[in-house]
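Observations on the model geometry
Residue strings, one per chain:
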Amino acid sequence: MTFISFGISRMAWMASPVLVGLLLVAAPQLAAAATSEVTVKIANFTFSPADLTITPGTTVTWVNNDDIPHAVVETEKTFRSKALDTDDKFSFTFTNPGEFSYFCSLHPHMTGKITVKK
Amino acid sequence: MDKSDKIRPTKDEDGIDRSGFLECMTWAGTGVLWALAGGLPQAMGLSTALAAETPAAPFTFLQISDSHVGFSKPANPDALATLREAITRIKELPKKPSFMIHTGDISHLSKDIEFDNADQLIKEAGIPVFYVPGEHDLLDDGQGKSYLDRYGKGSKGAGWYSFDQQGVHYIGLVNVVNLKAGGLGNLGADQLQWLQDDVAGLSAETPIVVFAHIPLWTVYPDWGWGTSDGAQALALLKRFGSVTVLNGHIHQVMQKIEGNIAFHTARSTAFPQPEPGKAPSPGPMKVPAGDLRKYLGIATVDFVRGGEPLAIIDKPLAG
């Protein structure tokens, strides 16, 4: 199992649920972004949803449900996971607006896109 | 031989019955056994004259593929055990092949222990092994450094190379690096240039054997089973009278003949994959445990010089 959290503002999102709760009280605006998490499932050599629109600050977690390893690689190398074996996860927090196309470096016919919009 | 899949495309059939010859090659459990008969050269250029001096006895080599050592999912809980069965078959051969070609995915996750286990087992065959990497062999932090450190000695770029044996020119290509989103396997401009230079001095009578992990021909693009610039590589080999392309990756036997080029993919020693389009994805195919060995294993191939029939016999580990 690997769980990789990586992002420009990753420190904010590595907070435990309890800590997030505290942040909600202390800084509601920041906490509103911090609670946003989305999962992209990898199954049958497909990312789903393959096309995802999120707001800045959202953490996306890819989970591999296949019996074969996959990797999640952004085409401009903004992020790159290690090989994810069955049930392994990879997370990335999107802080900046933009379009991020990604694919599986082992099976490049597998593609997906994250659109980050305010 | 009765239960093996066999293909004998015929070119200029000379009527010589090679069934006895083929019969003795149906043993091999997991891998492809190639036999190259000396034969009479069709033209007496320098290279063919040299080739004619090679022994007339059949020259054999093996291909194994996709051992995926480390794989332990339901499709095959012990990929090392089935590789061991394959190696046992090879050791039992009445005539030791000159060498073995492994067409990639030696390991499942490029872990040192997986490479170590594979190496230790394959070494027991007691013959030299020539490797090309599969995408599963480049998953280390160095994105292929482990593979090159172990197997890349004397190779160029990401691990491509060529060598000559008994008048045949062998070319190992790498089509699993720098893959592009939405694309297929990829050789890249550097490797294609190298290939062009590599074959530039060879006479057209030189038999060529090309091996790479992902099929160099387009088997099924929806599943990424092909090489985007494979056609460019094959164009460089068009002038040769006999070209044989050996691939792995798709964990099943597929073959076709196109002009002077014969394509063949080998079975895996680890787990089967579905036929193109016959499943939601190309993931490991679960078959009843008792049937697994019918899907793993082997092809034996009789490769005969000089426009004579090429015979390929694929044989499973069991069944």
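Sequence positions are assigned chain by chain, starting from 1 and proceeding in written order. All chains are assigned letters beginning at A, and all ligands numbers beginning at 1, according to the order in which they are written. At least 70 in pLDDT is required for a residue's local features to be given in this predicted model, at least 80 for side-chain atom pairs to be given and counted, and no such filter applies to totals for whole chains, interfaces and linings, which use all residues. In computing side-chain values, all of the structure's heavy atoms are included and hydrogens and water are not.

Our next topic: the overall build of chain A. Helix and strand assignments come from DSSP, with helices taken as H or I runs of at least 4 residues and strands as E runs of at least 2, each series counted from the N terminus. Of the regular secondary structure elements, chain A holds three helices and nine strands. Sequence-ordered secondary structure for chain A, helices as α and strands as β, is β-α-α-α-β-β-β-β-β-β-β-β. A 1.4 Å probe rolled over the protein chains alone gives each residue an accessible area, and that area as a share of the maximum for its type sets the label: buried under 20%, exposed over 50%, partly exposed in between. Counting the 118 residues in chain A, one finds 47% classified as buried. Between two residues, a contact is recorded if the distance between any of their heavy atoms is within 4.5 Å. Across chain A, every contact between residues at least 6 apart in sequence was considered, and the portion connecting residues at least 24 apart equals 53%.

Summing up its helical and strand segments, chain B has eight helices and 13 strands in all. By the burial criterion, 58% of the 319 residues in chain B qualify as buried. In chain B, the share of contacts with a sequence separation of at least 24, taken over all contacts with a separation of at least 6, comes to 73%. Surface accessibility of chain B: about 12,400 Å² in total, with carbon and sulfur atoms responsible for 52%. Note on areas: Shrake-Rupley with a 1.4 Å probe; residue coverage comes only from the protein chains shown.

Across the contact, 18 residues belong to chain A and 26 residues belong to chain B. Summed over both partners, buried area is the accessible surface (1.4 Å probe) that two parts give up on being assembled. Summed over both partners, the interface of chain A with chain B comes to about 1,700 Å²; 64% of that surface belongs to carbon and sulfur atoms. Ranking the residues of chain A by area buried against chain B places Asp67(A), Leu106(A) and His109(A) at the top, with a combined share of 32%. Salt bridge, as applied in this entry: a Lys or Arg side-chain nitrogen positioned within 4 Å of an Asp or Glu carboxyl oxygen. At the junction of chain A and chain B, the tally comes to three salt bridges. Of the charged contacts, one joins Lys286(B) and Asp67(A) as a salt bridge, the two residues approaching to 3.6 Å between their closest N and O atoms. Here a polar contact is taken to be a pair of N or O atoms separated by no more than 3.5 Å, where protein atoms must pair a possible hydrogen donor with a possible acceptor and residues adjacent in sequence count only if both atoms sit in side chains. Where chain A meets chain B, there are five residue pairs in polar contact (both at pLDDT 80 or more). Counted by class, the side of chain A that touches chain B contains seven nonpolar, seven polar and four charged residues. Residues are sorted three ways: Asp, Glu, Lys and Arg are charged, Ala, Val, Leu, Ile, Met, Phe, Trp, Tyr, Cys and Pro are nonpolar, and all the rest, Gly among them, are polar.

As a further point, take the nonpolar core. Counting 51 residues, the largest nonpolar core has Ile171(B), Val210(B) and Leu237(B) as its most contacted members. Those residues in contact with Leu237(B) that sit more than four places away from it in its chain are Ile171(B), Leu195(B), Val199(B), Ile208(B), Val210(B) and Val243(B). The set of buried Ala, Val, Leu, Ile, Met, Phe, Trp, Tyr and Cys residues whose side-chain atoms join them within 4.5 Å is what this entry labels a nonpolar core. Ile42(A), Val60(A), Leu106(A) and Leu139(B) belong to the second largest nonpolar core, which has 31 residues in total.

Looking now at the sheet that holds strand S10 (residues 254-258) of chain B. Residue and element names in this part refer to chain B. One bridge is not enough; two strands pair if DSSP finds at least two bridges between them. Ordered in space as S6-S7-S8-S9-S11-S10, the six strands form an open sheet in which the pairing is mixed. Each edge of the open sheet carries a strand with a single partner, namely strand S6 (161-165) and S10. Looking at each pair of strands side by side, their axes are set apart by 15 degrees on average, direction ignored. The sheet contact formed by strand S9 (residues 243-247) and strand S11 (residues 261-265) spans five bridges and is parallel. Among the inter-strand pairings, Leu246 is bridged to a residue of S11, identified as His264. Sitting on the sheet, helix H6 (residues 189-200) is in contact with S6 and strand S7 (168-172), with an inclination near 170 degrees to S7. Where helices are involved, their axes are fitted lines through C-alpha atoms of the stretch in contact, as for all axes, and angles between N-to-C directions lie from 0 to 180°.

Before going further, it helps to spend a moment on the confidence of the model for chain A. What pLDDT reports is the predictor's confidence in each residue, on a scale of 0 through 100. Residues with a pLDDT of 70 or more make up 70% of chain A, whose mean pLDDT is 80. Counting contacts from residues 1-34 of chain A, a segment whose pLDDT is below 50, to residues more than four positions away or on other chains yields 37 contacts.

Residue and element names in this part refer to chain B. Relative to S7, S6 is paired through five bridges, and the arrangement is antiparallel. Bridge pairing links Ser162 to Ile171 in S7. From the end of S6 to the start of S7, which pair antiparallel, there are two residues, and Gln166 there has a positive phi angle of about 45 degrees.

Residue and element names in this part refer to chain B. The residue Ala79 is located in helix H3 (residues 79-91) in this model. The exposure class of Ala79 is buried, given its relative accessible area of 1%. Placed 192 residues apart in sequence, Ala79 and Phe271 show a C-alpha to C-alpha distance of 7.6 Å. Excluding anything up to four places from it in sequence, Ala79 contacts Ser67, His68, Phe71, Thr269 and Ala270.

Residues and elements named next belong to chain A. Read from one edge of the open sheet, four strands run S4-S9-S8-S6, paired in mixed fashion. A strand with exactly one partner marks an edge of an open sheet, and here the two such strands are strand S4 (51-54) and strand S6 (73-74). Bridge analysis of S6 against strand S8 (residues 98-103) gives two bridges, and the strand direction is antiparallel. By the bridge assignment for S8, Val73 is matched with Phe103.

The pairing test for Phe, Tyr and Trp rings, Trp by its six-membered ring, is centres within 6.5 Å, and the orientation test on the planes gives stacked under 30 degrees, edge-to-face over 60, and tilted for anything in between. For the structure on display, the rule yields 27 aromatic pairs over all chains. Ring plane angle 75 degrees and centroid distance 4.8 Å describe the contact between Phe47(A) and Tyr102(A), whose orientation is recorded as edge-to-face. Remark: Tyr102(A) occurs in strand S8 and Phe47(A) occurs in strand S3 (residues 46-48); sequence separation between them is 55 residues. Of the two residues, Phe47(A) and Tyr102(A), both sit in the buried class. Feature note: the residues Phe47(A), Trp62(A), Phe79(A), Phe90(A), Phe92(A), Phe94(A), Phe100(A) and Tyr102(A) constitute an aromatic cluster, connected by ring pairs. Taking NZ or CZ as reference, Lys256(B) lies 5.3 Å from the ring centre of Phe263(B), over its face. Think of it as a cone above the ring: NZ of Lys or CZ of Arg counts as a charge over the ring if it is within 6 Å of the ring centre and within 35 degrees of the ring normal.

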